[in-house]
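Observations on the three-dimensional arrangement
So the chains spell out like this:
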Amino acid sequence: MKLRNSNIEKLDQEIFDTLVIGAGINGAVSAAALSGKGARVALIDQRDFAGFTSQQSSNLAWGGIKYLESHDYKLVWGLCKSRNHLMENYPSRVEEIRFYSTIEKGFRHHPRFIWLGTWVYWLFGRCFTSPPRWLSRNTVKTEESIVRTDNFYGGFEYSDAFLPDNDARFVFQFIRSAMDRGCIAANYVESLGARRDSDLWVTRVRDAMTGREFEIRSRVLINAAGPFVDEHNAKTGEKTAHCHVFSKGIHLIVPQITENRRVLTFFADDGRLFFVIPMGNRTCVGTTDTRTESPFSEVTEEDRQFVLDNINKRLNLTKPLTSADIIAERCGVRPLVVKAGKGGSNERDWMQMSRKHEIDVSNTSKHISIFGGKLTDCVNVGNEVATYVSNMGVVLDNPDCKWYGEPPASVREEYLRQAQSMNLDALTDPAATEKLSKRLWRLYDSQALELLAEIREDPREAEILIKGTDYLRCEIRLIRQQEMITKLEDFLRRRSKIALVTRHEDIRHAEGLMEACRILFEDQAQAKFDEYFAQGHDKVSTKDEYPQKAA
Ligand SMILES: Cc1cc2nc3c(=O)[nH]c(=O)nc-3n(C[C@H](O)[C@H](O)[C@H](O)COP(=O)(O)OP(=O)(O)OC[C@H]3O[C@@H](n4cnc5c(N)ncnc54)[C@H](O)[C@@H]3O)c2cc1C
């Protein structure tokens, strides 16, 4: 809480080059790019960082193979390039993964045609990943016996990438790097709207934790409010060429379906691609794509049944999955960009609507709005926003700064040398899901060196603090200092994925959780614990927690 309090005190003390509203992926990369290149940046979010759409994705960094069907070749070409770029720059956080696909008799395309499509996709991906592979019925039976083959028409395997620590942590790591480069960021600070005052933007904000209102001054205003971009523009009187429409998508997290670390891919009854994705020692199943009018969404019984029916139909499970198997749920809306006044008129347009991003810029009012986009394309969004800001006359002292990516190989090698010399992996708790050296580097990169120093001093620091999770005592202390945990949910749902892979009741009774709360919140530990469990977070959704704003 100290970091948040001190940042909030700084927000009304100076004139920032840019204020970024919204800390989902688009706001996070804008802040990271601008801070890295030398701008003075403030970043606020009404909720926690990545507390809305950017915590509800399929966790894929992918080239969008399915957009080949809608002939959106330019988008696939660009997304494949962005995916490769992420894989190169985040060798531990963006992992190549095989997509194991089967199609059934009666499908709209012959399997050989889709097989050809996987090769086109691989070539679009500049042959960066392992090549595709044809799967016969027998291969599928031997390699992935839970996949049903009675109606088998053809199968193939190809590569894309995924985020093993989930989307919200990936987003937070950009915010952390922005803060390391001077960005003043705060969660739970809402913009109430902004006005021009001579050549400055004056944004009125409200600290959701205290109710205090104050103003932030900036030369440029960046609206990265995701599904709320239009709403915020209406508040500031900004007119844009684009606007958003929404598509709802859900995922269900269930016990691990297969131990093979691959994504199983099917075409669901509505003809859309449907994934079974590894999530730690669980499996994440989804998604859906339904047009909706509101940014706020909830998993309905119909959505749940659609996903369960589709999965049960295509897998040979000893017992079909039911609602009782659901450990957690994810639900969000994709903010899709359209030309203002055009809303994707028919169903076909809707299903094929492009997932690209658009950035609307007003050089007169020094205002930027970011529409649409994907996690996969985030580095491009950051670079484009920085160029627009520089064109508005903000001087960037370090324009060529490479503001993204894991630390250089030399830092990683030094970390691994130290980890090996202290035999760190031998200290891995037998209940942990992965070796300490790999996990700590992926989550904290160079900050993991501090953890090694603490463990060297006292090896008990490598013991798991919260039973049933992988989290160590020294990690929780680092998180308190560095990760702005304001509510317990911020830690359980976004900085970690505990709330997604552990049942709500099991978390409540986890030995060590209260001690972790004491480290994170000191004398407010019990209150934060009670607040979290009073809200029933086992079915996490983005339903409207601010009902007065829904109209
Ligand atoms: C079901 C689903 C699956 C997806 N799968 C993938 C995938 O696998 N790969 C991929 O690349 N992309 C995927 N996407 C797309 C991707 O998740 C989104 O495009 C992206 O997260 C949108 O980020 P954003 O920053 O624009 O919006 P958000 O993440 O919603 O961020 C906007 C932020 O602005 C804040 N905000 C709003 N109003 C205010 C205000 N007045 N003051 C302060 N803050 C405010 C909100 O609280 C929010 O945190 C998926 C999306 C969905 C819904």
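The structure reproduced in this document is the subject of the present report. Bear in mind that the values here come from a model prediction, so they are computed numbers and not experimental data. (Residues numbered from 1 in each chain as written. Predicted model: local features only at pLDDT ≥ 70, side-chain atom pairs only at ≥ 80, totals over all residues. Heavy atoms only, no water.)

**As for the site of the ligand**
Close to the ligand lie 37 residues; Asp45, Arg47, Thr53, Ser54 and Leu60 are nearest. Separating a nitrogen atom of the ligand from a backbone N or O atom of Ser58 is a distance of 3.0 Å. With respect to the ligand, the backbone of Gly373 contributes an N or O atom lying 2.8 Å from an oxygen atom. Contact with the protein chains hides 98% of the accessible area of the ligand, taken as 1000 Å² for the molecule alone. Of the residues belonging to the shell around the ligand, the class tally is 13 nonpolar, 19 polar and five charged. (Near = heavy atom within 4 Å. Polar contact = N/O pair within 3.5 Å; in protein donor to acceptor, adjacent residues only side chain to side chain. Areas by Shrake-Rupley, 256 points an atom, 1.4 Å probe, with all protein chains shown as cover. Nonpolar A, V, L, I, M, F, W, Y, C, P; charged D, E, K, R; others polar.)

**Some thoughts on the nonpolar core**
Within soluble globular proteins, side chains that are nonpolar tend to cluster in buried spots. Counting residues in each nonpolar core, the largest one holds 51 residues, and the members touching the most others are Leu34, Val94, Phe170, Phe174, Ile175, Ile222 and Trp403. Among the secondary structure elements, those contributing two or more residues to this core are helix 2 (25-37), strand 2 (41-44), helix 3 (73-89), helix 6 (167-180), strand 10 (213-223), strand 18 (367-372) and helix 10 (378-391). Of all the elements, helix 6 adds the most residues to this core, at eight residues. (Core = buried A, V, L, I, M, F, W, Y, C linked by side-chain atoms within 4.5 Å. Buried < 20%, exposed > 50% of the residue type's maximum accessible area, 1.4 Å probe, protein only. Helix = DSSP H or I, 4+ residues; strand = E, 2+ residues; numbered from the N terminus.)

**Regarding the packing of helix 15 (residues 488-495) against helix 19 (residues 525-534)**
Remark: helix 15 packs on helix 19, axes separated minimally by 8 Å, with the N-to-C direction vectors making an angle of 60°. By the criterion of interaxial angle, the relationship of helix 15 to helix 19 is oblique. On helix 19, the residues touching Leu488, Glu489 and Leu492 of helix 15 are Lys528, Phe529, Tyr532 and Phe533. Each residue belonging to the contact of helix 15 with helix 19 can be placed in one class, and the counts come to five nonpolar, no polar and two charged. (Axes fitted to C-alpha atoms, helices over the stretch in contact; angles between N-to-C directions. Parallel < 35°, antiparallel > 145°, perpendicular 65-115°, else oblique. Contact = heavy atoms within 4.5 Å.)

**Some thoughts on the packing of aromatic side chains**
Scanning the entire structure with this criterion turns up 24 aromatic pairs. Taken together, a centroid distance of 5.8 Å and an interplanar angle of 90° make the contact between Tyr121 and Tyr158 edge-to-face. Placement of the pair is Tyr121 in helix 4 (residues 111-124) and Tyr158 in strand 6 (residues 152-162), with a sequence separation of 37 residues. The residues Tyr121 and Tyr158 share a single accessibility class, namely buried. Through a chain of ring-to-ring contacts, three or more aromatic side chains come together here, namely Trp62, Tyr67, Phe99, Tyr121, Tyr158 and Phe275. The lysine or arginine in question, Arg262, covers the ring of Tyr100, its NZ or CZ lying 4.4 Å from the ring centre. Sitting above the plane of the Phe172 ring, Arg495 keeps its charged end 4.6 Å from the centroid. (Phe/Tyr/Trp six-rings, centres within 6.5 Å; stacked < 30°, edge-to-face > 60°. Lys NZ or Arg CZ within 6 Å of the ring centre and 35° of its normal.)

**Digging into the pairing of strand 1 (residues 15-21)**
In terms of burial, strand 1 is a largely internal element, six of the seven residues being buried. Sheet topology note: the strand 1/strand 10 ladder contains six bridges and is parallel. Bridge assignment links Ile21 to a residue of strand 10, and that residue is Asn223. Pairing geometry for strand 1 and strand 2, over four bridges, is parallel. Within the sheet, the bridge partner assigned to Val20 lies in strand 2 and is Leu43. (Pairing = 2+ DSSP bridges.)

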